[in-house]
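Here are the chains, one letter per residue:
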Amino acid sequence: MLYKNGKVLKALENISDFTIHQASLKDNGIYHCTGIKEDGHYVSSNSVEIQVQELFPPPVLTASPTYPIEGRAVTLTCLTQPVPQRPDVQLQFQFLRDNWTLESDWRSSPEFQITTVWREDSRSSYWCQARRVTSLVQKKSQRFQMYVRRVTAKIRIYTYPELALEGQKLVIICSVGGIQEPITFFWYKKTNKLSRRTKIHTSSEREFRIPVLTDSHAGEYCCVARNRHYSFFSDLVTVSVKEYPGNDSCAQTMAWGPRRQGGTTLIRIPVSPPILTLSPLGARTLEGDVVTLLCEVQRGSLPILYQLFHKGVLLKKIGATSWRTISFQLFLTEEHSGNYYCTADNGLGPQHSKAMSLSVFVPVSRPVLTLRTPRAQTVEGDMVELHCEAQRGSPPIQYQLFHKDVALGSSSSPSGGGATFNLFLKEEHSGNYICQANNGLRVQHSDTVSLSVRVPVSRPVLTLRTPRAQAVEGDVVELHCEAQRGSSPILYQFFHEDVALGSRSSPSGGGAPFNLSLMAEHSGNYSCKADNGLGAQRSEVMTLSVIVPVSRPVLTLKVPGAQAVEGDMVELLCEAQRGSPPILYRFYHENVTLESSVSHSGQGVSFNLSVTAEHSGNYSCEVDNGLGPQCSEAVTLHITGLTGSRIGPVATGVTGGLLSIMGLAAVALLLYGWPLRKAGRRPTSNSSRNPSDSDSQEPTYHNVPAWIELQPVYSNVNPKGGDIVYAEVQSVPGKSKHAVASAPGLLKNTMSPTTCLPSHLRPASLWPSAACSLPQDSSVIYSQVKGPSTPASVPQLMALSAPHR
């Protein structure tokens, strides 16, 4: 497989050679090939660069003369030559006009002569081709347009001799130059009696001979020189025959003005008003043309002095001694426009011709496009002025403005000068501008003017890119600030609580990122600012909350004395030094959960525990704010038993309290049930205590692990009286620390022993909506109030303010 410049050129299949038969510049490039061996391995060759050298450069067509005159020959030359490395290369040439060859065959000479060119040939374009004789290498020139100048013939008529005697030979000569031969001369005569001219002779000779001069030859003569294309008219020459005064023996007759019969003096005639004409007639005169102004008098004695005036200023003066018409040639420039007149004077009083207006049309010069802006840099929204003006050119001039080759508008300048185009700038107005000037004689384009419209930045948008849904301390987040519009370069600045964090530049537009490794203090409001030198814009504020993972907590145990003793109230304080709230705290005893609490302020949480001997052991706490839990180090608590001095008062208090409670319960029960028995019916529950009420009080016992067989501490029993109400008090040893702390809702409030009576033994004013609650640091005492109809298996809950055994 053969490659050229990295692209497949040809699949060679089983052939390893590739031939370029006629190398050309398009074959330049870097070549390499690849193949597959029989074992299936892929191989690639080295690279070879091919640089094809030109045999000869593209030809350039020139014309000599550069500005030929119509009717004359011009030589076209196709200029090129082989490169020095190949001087032996033989070239052939071909010349073309428009799309037609000037000759059918190729020629070895680089020159071609056009024998005659005419004004209409200026509309054609010429070009040439050169090729190598032995190959297909062929190149052509740029198209070339000739400017063929109008032919101006120098024609003059005069007599020889200037003074001739009657009976002598007179020759009228028509001298012509500047036109192509062959030329035919036509001779005309105008007599004094006839107003029209009569053709008297036609010849290829430039002389008209009068063998013998007589009075009949008097009159005005002129000649016309004509070739295949043009006719050129001479001035008039007057032949006047008179008797010129002389001596008695000789009378001479001369061609010198009119004669008076029988007179002996020369009579002079004042000149008639001259007539000023332009030759050639009817054509529009352009700058660079050559025109002839003819000033002619119909009558008047010679010699005559002629003067030509332009706008009242004398241009030329010519004295005529043998003819009454003179010519003034002008090589026209723009300044030659205006009014012309001529004067003729033979000493008998000057005469003026009528004024003749000459308009010289000037093709437009290359216009100049200028940009006028209100400031050094053009900004979107500015009003700019594009002024197009050609320094030279005859009005009216039509101007057109182009942006990226698309016409924006046109304007006409009737009296010359330039044209102005106003633009209210938008971003899309950036680019290249040119203007065109056209006055019907030539179309010219200005140089390119570049306009760069800068756009102020729009309000930027600040976005946050995080690796997870919530930003966490230690994460690397990206703040991205981008203005949707605005010319580059744009400088972006990032702010945290109006304090600059840093800046980033965007040289080619677009946004800019700013990376931030998060810490706790990075929480707050962020914004960014975009500025490209045309006014800064600030984004809206964006709030970032950085969540800090909790640190490892510290567990502190606070005891009343130096050593924790059964019955003491111990405070467990768990505190994490760092971490975003809310934080969930959990307390553990020997890895068994004691308590959990949520801190919404981020501060530590404490937990009070009335300790018993079973509370000895290791304590720890755990914190978690959703970013991963952290556990404290274990803290060991040793509980010692009560001393003798502390046991006595406590036992006395417990016994007295129990007796007081049982007495009150018995009295209340007797007062409530006795009237019912006298009425012959069993006591009923209060109408408000229906099964649903009992069910609603069931959560009172949810901190009891199971209804175990209670061991009586004290019993007041009268087995002989079946209807006797008695109370039985039992206690449950606090064997499980979990059972004590597993009902925080139950242990919320401390209530008096009265409120812990069963609902049917309490006054109505003391009925709560739920069973009583015990303080967290109390031991739990269970009691049963038994009667004839009360099952012994339904315990009621009472609370004491002091622990009991």
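Note that the coordinates shown come from a computational prediction; the quantities given were computed from them, not determined experimentally.

Enquirer: Tell me about the overall build of the chain, residues and numbers included.
Expert: Per the secondary structure count, the chain includes 3 helices and 63 strands. Considering the chain as a whole, with its 805 residues, one finds that 38% of them fall into the buried category. The contacts in the chain between residues at least 6 apart in sequence include a share of 59% that link residues at least 24 apart. Within the structure as shown, the chain displays about 44800 Å² of accessible surface, and the carbon and sulfur contribution to it stands at 52%.

Enquirer: Please give an account of the pattern of salt bridges that cites residues and values.
Expert: Enumeration over the complete set of coordinates arrives at 17 salt bridges. The shortest N-O distance in the salt bridge between Asp382 and Arg375 comes to 2.9 Å. The class for Asp382 is buried, based on a relative accessible area of 8%. Taking the shortest distance from any N to any O, the salt bridge between Arg586 and Glu622 comes out at 3.2 Å. Of this pair, Arg586 sits in strand E54 (residues 583-589) while Glu622 sits in strand E57 (residues 617-624); the two residues are 36 residues apart in sequence, bridging distant segments of the chain. The class of Arg586 is partly exposed, set by a relative accessible area of 27%. For Glu622, a relative accessible area of 13% translates into the label buried. Residues joined in a network through salt bridges with shared partners are Glu287, Glu334 and Arg392.

Enquirer: Go over unusual backbone geometry with me, naming the residues and quoting the values.
Expert: A cis geometry characterises the amide bond from Ser64 onward to Pro65, with omega recorded as 0°. Secondary-structure assignment places Pro65 in the loop between strand E6 (60-64) and strand E7 (74-79). Cis rather than trans, the peptide bond between Pro581 and Pro582 has omega equal to -5°. Along the chain, Pro582 falls in the loop between strand E53 (569-575) and E54. At Glu590, a residue that is not glycine, the phi angle is positive and equals roughly 55°. Its place among the elements puts Glu590 in the loop between E54 and strand E55 (592-599).

Enquirer: Tell me about the packing of aromatic side chains, and please be specific about residues and values.
Expert: What the rule picks out here adds up to 7 aromatic pairs. Judged by centre distance (6.1 Å) and plane angle (75°), the ring pair of Tyr67 and Tyr147 falls under edge-to-face. One end of the pair, Tyr67, is in the loop between E6 and E7; the other, Tyr147, is in the loop between strand E13 (144-145) and strand E14 (154-160), and 80 residues separate them in sequence. Members of the aromatic cluster, connected to one another through ring pairs, are Trp187, Phe208 and Tyr221. The ring of Phe56 has Lys139 sitting right over it, with the charged end atom 5.2 Å from the ring centre. For the cation-ring pair, Arg226 lies above Phe186, with the distance from its terminal atom to the ring centre recorded as 4.6 Å.

Enquirer: Talk me through the state of the cysteines; I want residue IDs and the actual numbers.
Expert: Here is the idea: a disulfide is a covalent bond, and it sits between the sulfur atoms of two cysteines. Scanning the model with the defined rule gives 6 disulfides in all. Through a disulfide, Cys78 is tied to Cys128; the S-S separation comes to 2.1 Å. As the torsion about the S-S bond is roughly 75°, the Cys78-Cys128 disulfide counts as right-handed. Taken together, the residues Cys78 in strand E7 and Cys128 in strand E11 (residues 125-132) connect sequence positions 50 residues apart. No difference in accessibility class separates Cys78 from Cys128, as the two residues are buried. Sequence-ordered numbering of the bonded cysteines in the chain gives a disulfide pattern of 1-2, 3-4, 5-6, 7-8, 9-10, 11-12. Take Cys631: it sits in no disulfide, and the sulfur closest to it among the cysteines is that of Cys621, at 8.1 Å.

Enquirer: Account for the confidence of the model for the chain, with residues named and values stated.
Expert: Taken as a whole, the chain shows an average pLDDT of 77; of its residues, 75% reach a score of 70 or greater. Below a pLDDT of 50 lies the segment residues 644-655, which in the model reaches 7 contacts outside its immediate sequence neighbourhood of four places, other chains included. With pLDDT under 50 throughout, residues 786-805 is counted as low confidence; its partners more than four residues away or in other chains account for 54 contacts.

Enquirer: Can you lay out the pairing of E7 for me, pointing to particular residues and giving the numbers?
Expert: Summarising the sheet, E6 and E7 pair through 5 bridges and their orientation is antiparallel. Bridge pairing links Leu61 to Cys78 in E7. As defined by bridge partners, E7 adjoins strand E10 (residues 111-114) across 4 bridges and the pair is classed as antiparallel. Residue Leu76 lies in a different strand from E10, and its bridge partner there is Phe112.

Enquirer: Before we move on, could you go through the sheet that holds strand E44 (residues 476-482) and cite the residues and values that matter?
Expert: Spatial ordering of the open sheet is given by E42-E44-E47, a layout of 3 strands whose pairing is antiparallel. Unpaired on one side and paired on the other, strand E42 (461-465) and strand E47 (512-517) mark the two borders of the sheet. Sheet twist, expressed as the mean angle between neighbouring strand axes with direction ignored, is 20°. With 5 bridges connecting them, E42 and E44 associate as antiparallel partners.

Enquirer: I'd like a description of the sheet that holds strand E37 (residues 419-424), backed by residues and values.
Expert: Spatially, 3 strands are ordered E32-E34-E37 in an open sheet, and the strand pairing comes out antiparallel. Two strands in the sheet have a free side with no partner beyond their single neighbour: strand E32 (368-372) and E37. Adjacent strand axes in the sheet meet at a mean angle of 20° when their direction is disregarded. Taken together, the 6 bridges between strand E34 (residues 383-389) and E37 define a ladder with antiparallel strand orientation.

Enquirer: Which residues make up the side chain of Thr285, and what are the values?
Expert: On the secondary structure map, Thr285 appears in the loop between strand E24 (275-279) and strand E25 (290-296). When its relative accessible area of 8% is taken as the criterion, Thr285 is described as buried. A polar contact is formed between the side chain of Thr285 and the backbone oxygen of Ser359, at a distance of 2.5 Å. Ignoring any residue separated from it by four or fewer positions in sequence, one finds Thr285 in contact with Leu278, Val291, Leu332, Leu358, Ser359, Val360 and Phe361.

Enquirer: Any chance you could break down the environment of Pro182 for me, citing the residues and the numbers?
Expert: With respect to the secondary-structure elements, Pro182 resides in the loop between strand E15 (170-177) and strand E16 (184-190). Pro182 sits in the exposed class, given a relative accessible area of 65%. C-alpha of Pro182 to C-alpha of Ser204: the two residues are 22 residues apart in sequence and 8.1 Å apart in space. Discounting residues that sit within four places of it in the chain, Pro182 has contacts with Arg226 and Asn227.

Enquirer: Can you break down the environment of Val461 residue by residue, with the values?
Expert: Of note, Val461 is situated in strand E42. Here the alpha-carbon distance between Val461 and Ser539, two residues 78 residues apart in the chain, equals 5.6 Å. Once residues lying within four places of it in the same chain are set aside, the contact partners of Val461 are His480, Cys481 and Glu482.

Conventions used here
In every chain, residue numbers begin from 1 and rise along the written sequence. With pLDDT at 70 or above as the cut-off, local features in this predicted model cover only qualifying residues; side-chain atom pairs require 80 or more to be listed or tallied, and sums for whole chains, interfaces and linings still use all residues. As a rule here, side-chain values cover all heavy atoms of the structure and leave hydrogens and water aside. Starting at the N terminus, helices and strands are each numbered in turn, a helix being any DSSP run of H or I of at least four residues and a strand any DSSP run of E of at least two. When accessible area is computed with a 1.4 Å probe and restricted to protein chains, residues below 20% of their type maximum are described as buried, those above 50% as exposed, and intermediate ones as partly exposed. Contacts are assigned to residue pairs that have any heavy atoms within 4.5 Å of one another. Methods summary: accessible areas were calculated by the Shrake-Rupley approach with a probe of 1.4 Å, and residue burial reflects only the protein chains presented. What counts as a salt bridge is simple: a side-chain nitrogen of Lys or Arg found within 4 Å of a carboxyl oxygen of Asp or Glu. Two aromatic rings, drawn from Phe, Tyr or Trp (for Trp, its six-membered ring), form a pair once their centres lie within 6.5 Å of each other, and the interplanar angle then sorts them: stacked below 30 degrees, edge-to-face above 60, tilted otherwise. Whether a charge sits over a ring depends on NZ of Lys or CZ of Arg being within 6 Å of the ring centre and within 35 degrees of the ring normal. Throughout, a disulfide means two cysteine sulfur atoms within 2.5 Å of one another. Every residue carries a pLDDT, the predictor's confidence in it, which falls somewhere between 0 and 100. Here, any two strands with at least 2 DSSP bridges between them count as paired. Only the contacting stretch of a helix is used when fitting its axis, a line to C-alpha atoms as for every element, and angles between N-to-C directions run 0 to 180 degrees. Whenever two N or O atoms come within 3.5 Å, that pair is a polar contact, provided that in protein one can donate a hydrogen and the other can accept it, and provided that, for residues adjacent in sequence, both atoms are side-chain atoms.

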